[in-house]
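Examining the three-dimensional arrangement
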Amino acid sequence: MTVAVDVRDLRKQYTMGETVLDVLRGVDLTIEHGEVVCVMGPSGSGKSTLLNIVGGLDRPSGGAVVVDGDDLAAMDDERLADYRRHQVGFVFQSFNLIPTLSALGNVELPLVFAGVARADRAVQAASALESVGLGLRLDHKPTELSGGEQQRVAVARAVVNGPAIILADEPTGNLDTTTGHEILELIKAMNAEGRTFLITTHDRAVAEAVAHRIVYIIDGSVVKIEQGGVA
Amino acid sequence: MRPRDLIFLVVSNLRRMKLRLALTTLGVVIGTSAIVLMVSLGVGLQRSVVDSLGELGAATHITVMTGYEGITGAESKSLDDRTVAQFEDMEHVDSVMPIVTVMSVQELAYKKNSTNANIQGVAPHKLEEFGYKLAEGRFARTDSEIVLGAAVPAMFLGVFPGSETANQPSLDLLGKRIVATVVEYPSEEAYAQNPMTEPTERTYKLTVVGILEKADMGTDSSVYTTLDAALEYNGATTRRPTYETVTVKADSAEAVADIEKALVAEGFQTFSARSIQDATSQIFIIVQVVLGALGGIAMIVAALGIANTMTMSIYERTREIGIMKAVGASNRQIKRVFLGEAAVIGVFGGLGGLAFSSAGAALANLFLQSMIAASTPTGGASEPTNFFYIPLWLAIFAVAFATGIGLLSGVLPAVRAANLDPLVALRHE
Ligand SMILES: Nc1ncnc2c1ncn2[C@@H]1O[C@H](COP(=O)(O)OP(=O)(O)OP(=O)(O)O)[C@@H](O)[C@H]1O
Ligand SMILES: [Mg+2]
């Protein structure tokens, strides 16, 4: 197996007036291609912060995040946007779809910023939506879709660029158990096709259901790494 | 991002804020209209004033007179055949026409009617060369033949140029005999010998062989005879004649200013319709700038409206900006989307303003023309004046300016949107 993401001694601090908040205190983590890694830990332990830094939405205070050989810490804003455009996909707890665009339009969006031609884009986006089971919902606006369907659109949007890794921050957090379970099945199916995931969750059952490995973070430090249910 | 996709994003964003967009655009429409109407009023006035100055003479003609003595210390230059030859050699000079003005016309009489129109002595072929057109008849061939300016027949009836009315009576003088009475005052020596010497009157019988087409005011009210005849009326010799004025014809209207400058440097006095028009045009540029600036105040308000609308809509779409950044939009791409929205407001506002002000100008012209027609005795016989005139440059400028204002007003909000931290934007409710 080859390394998709290599996190080394990652640190993140927030300075709030006089006090310095250490949110990540030297996290080391290696994720291999084709792996599903879940991050668990209490609220405020730094799970989302870790994900956002790996996704290039936030910047580390120290350490390195190497994705397919490139260190994110060394990238400028333009390069980081390019990284988000081509090498990662995001799935958020609150779906984060653009309300005025159709399902197809939302999935096309990353391709728009990547400069993919209109015709190619429509084909790629439609096939991504088909792969999440929404082949018949292309023209629906987010308000015309259920929560589970919206999160499927978000998954399709995250994979449409063919990223090295898909980051999902509490992807089932806003869904009921059954619907959440469907999303987990979708993730498993996509992993079976070779896609790599880094997922945060509060829910042990979720982690057990999809993860090869489970990383426990407490107060910004990795305290334990376990084999998940899938391994 | 491809231009087409940029346009798609811009348009779909604009479509969801229709009312706000309409109101903001209306602001630009009003701003653009204010500028266009103001400037077009300046342009319209300039055109009508400058056009009427054109009645002072043809655009390529320069009237040269002998210079004043004493003011510059330069010696007074006389206009004689040598100076005429000198003028003919100047660059950009097509032709030179010496004119002898008959100083002492007592009257010109036809039967019971008479007038004291100027008599100008000019070589007939020069008249032709200088573009004088005959309405009827031909140019003079002998010293006893004359050609009348267009307004002269009416002057015999006491109607002066500029005060014509519709359906005025006129005299048909072509082929008719006119009697000119010329007074000769005693020369200085004669006066010195005998202060009681009386002026002598002489009469000449002249035949009208042609009538000129309507031209400028000076031409219309003059009677043209030959150089030799005019010199004789003045009691001067034809051996070394001097001329009161010489008309110089430039090869183009653009060359007039340079030729005039050279002539003035030589110590002559000059006059041309063209230079007066140029000076007047310069004054009107100031008028247009002032009027345009007044209209510009409305545009400033419109610009604030655009900036306000953009700021508000960007605030409302903060979370979407976060989403776009998360899926890979660069700062530059975000900036372009919002600048595009502001520019579209500018373009549509500019086009709308141009349409609105064109209609407004046309209506205002109709209204003003009908008011003038109602208050003039001629019933508006002369060509109608356009007080508001929108030249092509103004139309293009107006749309470009409105677009520029849109872009400019959008810069600050767009830069703010582009520089939003993606995480902060994503957390925005
Ligand atoms: N911009 C910020 N400024 C200051 N502190 C922040 C900022 N962002 C996050 N934090 C702090 O960092 C810590 C970790 O936050 P993070 O969102 O990573 O936690 P989490 O593990 O995802 O929690 P949860 O399970 O509730 O989502 C928290 O204590 C939070 O208050
Ligand atoms: Mg979190």
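As the structure is a prediction and not an experimental result, all values here were calculated from the model. (Residues numbered from 1 in each chain as written. Chains lettered and ligands numbered in written order. Predicted model: local features only at pLDDT ≥ 70, side-chain atom pairs only at ≥ 80, totals over all residues. Heavy atoms only, no water.)

Looking at the domain arrangement of chain B
In plain terms, the rule: Segmentation into domains, and thus their bounds, comes from an automatic or database assignment.
Partitioning chain B into structural domains gives domain 1 (3-54 + 279-427) and domain 2 (80-243). Computed over C-alpha atoms, the centres of domain 1 of chain B and domain 2 of chain B are 58 Å apart.

Quick notes on the pattern of salt bridges
Here is the rule: By salt bridge we mean one thing: a side-chain nitrogen of Lys or Arg within 4 Å of a carboxyl oxygen of Asp or Glu. The buried label applies to any residue whose accessible area, calculated with a 1.4 Å probe on protein chains only, is under 20% of its type's maximum; exposed applies above 50%, and partly exposed to all values in between.
Taken as a whole and judged by the stated rule, the model has 27 salt bridges over all chains. A salt bridge links B:D220 to B:K214; the shortest N-O distance between them is 3.5 Å. Under the relative-accessibility criterion, B:D220 is labelled buried at 4%. In this structure B:K214 comes out as exposed when scored by relative accessible area, which is 66%. In this structure, a network of salt bridges that share partners links the residues A:D70, A:R79, A:D82 and A:R85.

A word on the packing of aromatic side chains
To keep things clear, this is the line we draw: Aromatic contacts are taken between Phe, Tyr and Trp rings whose centres are within 6.5 Å, Trp giving its six-membered ring; a plane angle under 30 degrees counts as stacked, one over 60 as edge-to-face, and the others as tilted. In this description a helix means any DSSP run of H or I spanning at least four residues, a strand means any run of E spanning at least two, and both kinds are numbered starting from the N terminus. Throughout this description, the term charge over a ring refers to an Arg CZ or Lys NZ atom that lies within 6 Å of the ring centre and within 35 degrees of the ring normal.
If you walk through the whole model with that rule in mind, you get 5 aromatic pairs over all chains. Ring geometry for B:Y132 versus B:Y224: centroids 5.7 Å apart, planes at 65°, classification edge-to-face. Highlighted residues: B:Y132 in the loop between α4 (124-129) and β7 (134-137) and B:Y224 in strand β11 (residues 222-225), separated in sequence by 92 residues. We note A:K224 situated over the ring of A:Y216; from NZ or CZ to the ring centre the distance is 4.6 Å. The ring of B:Y389 has B:R47 lying over it, and the distance from NZ or CZ to the ring centre is 3.7 Å.

Looking at the site of ligand 1
To keep it simple, the criterion reads: For each residue, the test is whether any non-hydrogen atom lies within 4 Å of the molecule or strand; if one does, the residue is near. Under the rule applied, a polar contact is a pair of N or O atoms within 3.5 Å (in protein, one hydrogen donor and one hydrogen acceptor; residues adjacent in sequence only if both atoms are side-chain atoms). Only the protein chains shown count as covering a residue, and every accessible area follows the Shrake-Rupley method with a 1.4 Å probe. By the convention adopted, Pro, Cys, Tyr, Trp, Phe, Met, Ile, Leu, Val and Ala count as nonpolar, Lys, Arg, Asp and Glu as charged, and the other residues, Gly among them, as polar.
Surveying the vicinity of ligand 1 reveals 15 residues, the closest of which are A:S43, A:G44, A:K47, A:S48 and A:T49. In this structure ligand 1 sits where residues from chains A and B come together. Contacts to ligand 1 include A:G46, whose backbone N or O atom sits 3.0 Å from an oxygen atom. Between an oxygen atom of ligand 1 and a side-chain N or O atom of A:H202, the distance comes to 3.1 Å. Out of a free accessible area of 630 Å², ligand 1 has 66% covered by protein chains. The element that contributes the greatest number of residues to the shell around ligand 1 is helix α1 (residues 47-54) of chain A, accounting for 3 residues. Looking at the shell around ligand 1 residue by residue, the classes come out as 5 nonpolar, 7 polar and 3 charged.

Quick look at the pairing of strand β13 (residues 245-250) of chain B
Residues and elements named next belong to chain B. Selection rule: Note: two strands are recorded as paired if DSSP finds a minimum of 2 bridges between them.
Counting buried residues in β13 gives 6 out of 6 residues, a clear majority hidden from the surface. Strand direction decides the pairing type here: strand β1 (residues 61-65) and β13, joined by 5 bridges, are antiparallel. Counted as the bridge partner of I62 is V248 from β13. Here 6 bridges tie strand β3 (residues 93-101) to β13, and the two strands are oriented antiparallel to one another. Paired with I99 across the bridge in β13 is T245.

What about the side chain of B:Q120?
Note that B:Q120 resides in strand β6 (residues 118-121). The class of B:Q120 is buried, set by a relative accessible area of 14%.

As for the pairing of strand β7 (residues 165-169) of chain A
All names here are of chain A. To keep it simple, the criterion reads: With the strands aimed away from the viewer, a crossover counts as right-handed if its path from the first strand over the helix to the second runs clockwise.
Burial analysis of β7 places 5 of its 5 residues in the buried class, which makes it a mostly covered element. Side-chain alternation along β7 places I165, L167 and D169 on one buried face and I166 and A168 on a second face that is also buried. Relative to β7, strand β6 (residues 88-91) runs parallel, the two being bridged by 4 bridges. Looking at β7, one finds that V88 is bridged to I165. Across 4 bridges, β7 lies against strand β8 (residues 197-200) in parallel orientation. Pairing of A168 across the sheet is with I199, part of β8. In this region the chain leaves β7, passes through helix α6 (residues 177-192) and returns to the parallel neighbour β8; the handedness of that crossover is right-handed.

So, the interface of chain B and chain A
Quick note on the threshold: Contact definition: two residues touch when any of their heavy atoms are within 4.5 Å. Accessible area, probed at 1.4 Å, shrinks when two parts are joined; the buried area is that loss added up over both.
The partner chain A presents 27 residues to the 23 residues of chain B that form the contact. Here chain B meets chain A over a buried area of about 2,300 Å², counting both sides, of which 58% is carbon and sulfur. Among the residues chain B hides against chain A, the three largest losses belong to B:I323, B:V327 and B:L423. Together they make up 23% of the total. Where chain B meets chain A, there are 3 salt bridges. B:R332 is the salt-bridge partner of A:E78, the closest N and O atoms lying 3.4 Å from each other. Applying the counting criterion to the chain B and chain A interface returns 8 residue pairs in polar contact (both at pLDDT 80 or more). At the level of elements, α1 (3-15), α11 (318-326), α12 (331-375) and α14 (422-427) of chain B are the ones that each hand at least two residues to the side of chain B that touches chain A. Looking at which element gives the most residues to the side of chain B that touches chain A, the answer is α11(B), with 6 residues. Residue composition of the side of chain B that touches chain A, grouped by class: 11 nonpolar, 4 polar and 8 charged.

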